Amino acid sequence: MRMPRFLHAWLMLGPALLLLAAFTHVPALATLWHALFSTPTPRRPAVFVGLNNYAALAEDPIFWQALWNNLLYALGTVPMSIALALAMALWVNGRLRGRTAMRIAFFTPTVLPMIAVANLWLFFYTPDYGMIDRLTRLLLGWGPTNWIGSQETALGAMMAIAVWKEAGFFMIFYLAALQAIPPSLLEAASLEGASRGRIFWRVTLPLLGPTTLFIAVNAVINSFRLVDHILVMTQGGPDNATALLMTYIYETGFRFWDTAQASALTGVLLAVLAVIAALQFSLLGRRTHYR
Amino acid sequence: MTAAPASADAIRLDSLRKQFGSTTVLHDIHLRAARGRFVVLLGPSGCGKSTLLRVIAGLERADGGRVVLDGRDVAELPPAARGLSMVFQSYALFPHLDVAENIVFGLRARRVAAAEREARLARAASLLGLEKLLKRRPSQLSGGQQQRVALARAIVAEAPICLMDEPLSNLDAKLRGEMRREIRALQQRLGLTMVYVTHDQAEAMSMADQVVLMRDGHIEQDATPAEIYARPASAFVASFIGTPPMSLLPLVAHAGGAGIAGLPDHLLAPASAAGALLGIRPEEVVPAEDGLPACVTAAEFLGAETVLACALGSGGALLQARIPGHHALPPGSPVRLRLPPLAHLFDANSGKRLPLPPFA
Ligand SMILES: Nc1ncnc2c1ncn2[C@@H]1O[C@H](COP(=O)(O)OP(=O)(O)OP(=O)(O)O)[C@@H](O)[C@H]1O
Ligand SMILES: [Mg+2]
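Cut-off values and rules
- Sequence order as written defines residue numbering, which begins from 1 separately in each chain.
- Labels follow written order: the first chain is A, the first ligand is 1, and so on.
- Where local features are concerned, this predicted model is filtered to residues with pLDDT of at least 70; where side-chain atom pairs are given and counted, the filter is 80 or more; whole-chain, interface and lining totals use all residues.
- Hydrogens and water are ignored here; the side-chain numbers use all heavy atoms of the structure.
- Residue contacts are defined here by distance: any two heavy atoms, one from each residue, within 4.5 Å place the two residues in contact.
- Buried area: the sum, over both parts, of the accessible surface (1.4 Å probe) that disappears when the two are put together.
- Every case where a carboxyl oxygen of Asp or Glu lies within 4 Å of a side-chain nitrogen of Lys or Arg is listed as a salt bridge.
- Counted as a polar contact is a pair of N or O atoms within 3.5 Å, where, for protein atoms, one must be capable of donating a hydrogen and the other of accepting one, and residues adjacent in sequence contribute only when both atoms are in side chains.
- Per the convention used, a helix needs a DSSP run of H or I reaching at least four residues, while a strand needs a run of E reaching at least two, with both numbered from the N terminus.
- Note that Gly is not counted as nonpolar here; it falls among the polar residues with everything else outside the nonpolar set of Ala, Val, Leu, Ile, Met, Phe, Trp, Tyr, Cys and Pro and the charged set of Asp, Glu, Lys and Arg.
- Each axis is a line fitted through C-alpha atoms, taken for helices only over the stretch in contact, and angles between the N-to-C directions span 0 to 180 degrees.
- When describing relative orientation, an angle under 35 degrees is termed roughly parallel and one over 145 degrees roughly antiparallel, while 65 to 115 degrees is termed roughly perpendicular and anything else oblique.
- When the near helix sits turned anticlockwise from the far one by under a right angle, the crossing is termed left-handed; a clockwise turn instead gives a right-handed crossing.
- We call two strands paired when DSSP finds no fewer than two bridges between them.
- Helix span, expected: 1.5 Å multiplied by one less than the number of residues in the helix.
- Categorising residues by exposure relies on relative accessible area from a 1.4 Å probe, with only protein chains included: less than 20% of the type maximum marks a residue as buried, more than 50% marks it as exposed, and the intermediate range marks it as partly exposed.
- An automatic or database domain assignment supplies the start and end points of every domain.

## With respect to the interface of chain A and chain B
Part 1 of the reasoning: In this complex, chain A contributes 16 residues to the contact, which on the side of chain B involves 24 residues.
Part 2 of the reasoning: For the pairing of chain A and chain B, the buried interface totals around 1,800 Å² over both sides, and the portion due to carbon and sulfur atoms is 64%.
Part 3 of the reasoning: Interface area lost by chain A to chain B is led by Leu191(A), Glu192(A) and Arg202(A), which between them contribute 39%.
Part 4 of the reasoning: As a salt-bridge pair, Glu101(B) and Arg202(A) come within 3.6 Å of each other at their nearest N and O atoms.
Part 5 of the reasoning: Run the count over chain A and chain B and you get 5 residue pairs in polar contact (both at pLDDT 80 or more).
Part 6 of the reasoning: Counting residues per element, the ones that place at least two in the side of chain A that touches chain B are α8 (183-191) and α9 (196-207) of chain A.
Part 7 of the reasoning: Sort the elements by how many residues they give to the side of chain A that touches chain B and α8(A) lands first, with 7 residues.
Part 8 of the reasoning: Residues belonging to the side of chain A that touches chain B are distributed by class as follows: 8 nonpolar, 4 polar and 4 charged.

## Quick notes on the packing of α8(A) against α9(A)
All names here are of chain A.
Part 1 of the reasoning: Remark: α8 packs on α9, axes separated minimally by 11 Å, with the N-to-C direction vectors making an angle of 160 degrees. Classed by the angle they form, the pair α8 and α9 counts as roughly antiparallel. Taken as a pair, α8 and α9 cross one another with a handedness that is right-handed. Two secondary-structure elements touch here, α8 through Leu185, Leu186, Ala189 and Ser190 and α9 through Ile199, Val203, Thr204 and Leu207.
Part 2 of the reasoning: The class makeup of the residues in the contact of α8 with α9 is 6 nonpolar, 2 polar and no charged.

## Quick look at the sheet that holds strand β21 (residues 353-354) of chain B
Residue and element names in this part refer to chain B.
Part 1 of the reasoning: Pairing is antiparallel across the open sheet formed by 4 strands, whose spatial order is β11-β15-β20-β21. The strands lining the two open edges of the sheet, one partner per strand, are β11 (247-250) and β21.
Part 2 of the reasoning: The pairing of β11 with strand β15 (residues 277-280) spans 4 bridges and is antiparallel. Among the inter-strand pairings, Leu248 is bridged to a residue of β15, identified as Gly279.

## Points about helix α4 (residues 99-111) of chain A
Residue and element names in this part refer to chain A.
Part 1 of the reasoning: The end-to-end C-alpha distance of α4 is 19 Å, a good match for the 18 Å that 13 residues give at a rise of 1.5 Å each.
Part 2 of the reasoning: Turning to α4, its buried residues are Phe106, Pro109 and Thr110.
Part 3 of the reasoning: Contact partners of the buried residues in α4: α3 (61-93), α5 (114-125) and α7 (151-179).

## Observations concerning the domain arrangement of chain B
Interface size is commonly expressed as the accessible area that is lost once the parts come together.
Residues and elements named next belong to chain B.
Part 1 of the reasoning: Examined at the domain level, chain B breaks down into domain 1 (9-238) and domain 2 (239-354).
Part 2 of the reasoning: Each side of the interface is counted separately: domain 1 has 18 residues, and domain 2 has 16 residues.
Part 3 of the reasoning: For the domain 1 and domain 2 pair, buried surface summed over both sides reaches about 1,400 Å², with 58% attributable to carbon and sulfur atoms.
Part 4 of the reasoning: A per-residue breakdown of the area domain 1 buries against domain 2 is headed by Gln201, Tyr229 and Ala238, which together make up 42% of the total.
Part 5 of the reasoning: Where domain 1 touches domain 2, the interface holds 0 salt bridges.
Part 6 of the reasoning: At the junction of domain 1 with domain 2, the criterion picks out 14 residue pairs in polar contact (both at pLDDT 80 or more).
Part 7 of the reasoning: If you list the elements that add at least two residues to the side of domain 1 that touches domain 2, you get α6 (201-207), α7 (225-230) and α8 (235-238).

Here it is as C-alpha cells:
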C-alpha cells in the first residue's frame, strides 16, 4: 500500500501541530478576538464593541505609564545584561585559576526560581539591615534607603534583579560561542600585529554576531515577559512606579477580572514584541555574519 | 635600528627546549638557516614540527634555549614584533571579512597608509591571481583559492621570514603540485626565508634548500635534499626518504664476508660489517640472471615502473625494488635481483650511519 506523500507529511506533523495549535495559536487568536468584545458579566453577555477596548486603553494613564516603564525597563536591562554576560564570558573563558568555580557562580542565579530570587533580593533591599544599605553606608555614608518602596528607586531595583538573573544565563551562550572560535584566528590576528582591543572589536565581536542577535531577541522578550519578581515584591507599586505591561495585564485580568481590557493589553504587547523582533532581525541580521 | 650584520643567519635556534607539562616535546634543538633559504621541517606525525614553528613564531614560549631572528634574540618579543608572517594549516582566514579585508588585516592593524595599503593589496592579488575574488567571503572560495588568500595575507606584510604549517595538506594532488611550484617561485622572487612544515617527504625533497628531518622532538638530520638522499645520517632517515624508502637488510657473517642470512654464496660486504644494517635504494636494484634469488611478496604498479617487495634469504629480510616497466608478478614468483655496490651501513642498535669498511 502506498500512502500519498501529503498524507504522510500531515500524519508526521499532526501531533506537534495539534498541541501547538491547541495551547498556543488558538488561545492567542482567541485573545485578539476577545479584545473586540466587552467583558461578559453574569447579567450581560459579551457584545461586539470593535476597537473600543483599545480606545479605552489609549485614555488610560496607567497603561501609558506601564508602557513607558516597560521601555525604560527594556532599555536598562537588555544592553546591561548582554554587556555583563559578554564580560563574564570573556573572563571565565581565559586560562584563570578556578574558572569552573567562577562559571558555576555566574550561572547560579539562572537556575534559581524567580520567586526565590525575589525573596533573596527582599533581604538585600531591606532598609537599614539589608546588604545594599550596609554597603552604601560603609562605602558612601548614606542613610537607610527604601529601595523598593520609593518611587524613584523601585524600577531601578527591579531592573537590577533582572540583570543579575539573566546575565549568567546569557553568559553560557557567549561562552559556548567563544569556545567555538578557532584559536588559530586569534593567533593569526595577533601575529598580524592587532592589539587585544583590535582583536576583540574586529574579530571576536563580529564572530559572536549570531549569538548576540539570539541573546538580544531573547533579552528583549524577557524584559516584557519575566515579571514574577515584580508581582512578588511590589505588585507594580508604589503608585505604579514598577508597573509593566505584563503586570498590568495580570492586574487587569486576574484582579479586576476585566478580561476584555486585558485582551486588548495583550494585543498591544504582542504587537510591540513583533515590531521589535522584526527590527532586530532586519537591522542586526544584515550585519551579522552567519557561517 | 642598526642593521644586523650581513653574515647573520635569518634564523638561529640554540638548544631550544619545550615541554608540555611533564612531556618534553622539543629536546635541545639547534638550527641555522641563512637568509633566503627554503627550509623544510619534515617528520612523522607528532614529532614536534608544529610546536617548533609555533615557538619560532612566539605563539608558544620556549622552556629553554634561544630563538635568534636576524641577529636579534626574540625571547621577549610578542609574535607581531618578530618580523615574520605565518600561513596556518587551517588558513585561519577571518570568515566575516571579504578577501581584500583578510589580506590587508595586518596592514590596517599596523596603520599602513591607505595608498600604500591599496598598492600592496593590488600587487599581492595580481601575483596570486586573486583580482576577481577580492569581494568574496572565504566560505565562497575553493580550498586552493583560500590557500592563496592566506599566502597573500602573509606576503603583503613584507616580513623577511615566512612560516608555513602544512599549507597544502587539504588540497588534491594536482593542485598541490601547482601550489608547490607557486610557493617556491614566490619565495625566490621575494627573497623570503621560508620555514615550511610537511610530513610529505616528496614535497620536502622537491621544494627545499635545506631539509630538517625531525623525530620525537629532536633533529635527526639537517642537510640539503641531495645530501640527505645520498648520505642519510641514520636508519630512520633512510627509511623516511625516497619513494619507496631505502630497504634495510640485516647482515650476518658468512665465510669470507657478510651477507643475507641463508644466502652464503652472495657476499655483500666485508666481514666487519656483520651485524649491521645494509641500506639499499630500491631504484638501484636491477633484475639480472646472476643476481640474488628472491621471492616476490607483493607488486605495486605505478605506471612507468613497478615496485616489487621481495623476501630475501631465510632471515625474512625484505627488499624493495623499483623496476622500469610493467612487472606485475604474482606473489610467490621467483626473481633474481642484482644489488648496487655497498653504499650505506647503519648500526643495528643505535641506527647511526657507519663508515664503510675497507674491502679486505
Ligand atoms: N598544547 C599541547 N599540550 C600537550 N601536548 C601537546 C600540545 N601540543 C602538542 N603536544 C604534543 O607535542 C607533540 C608534538 O606535537 P606537534 O603538533 O608539534 O606535532 P607535529 O609534528 O606537528 O605533528 P603533525 O604532523 O601530526 O601535525 C605531540 O606528541 C603532541 O601530542
Ligand atoms: Mg603539526
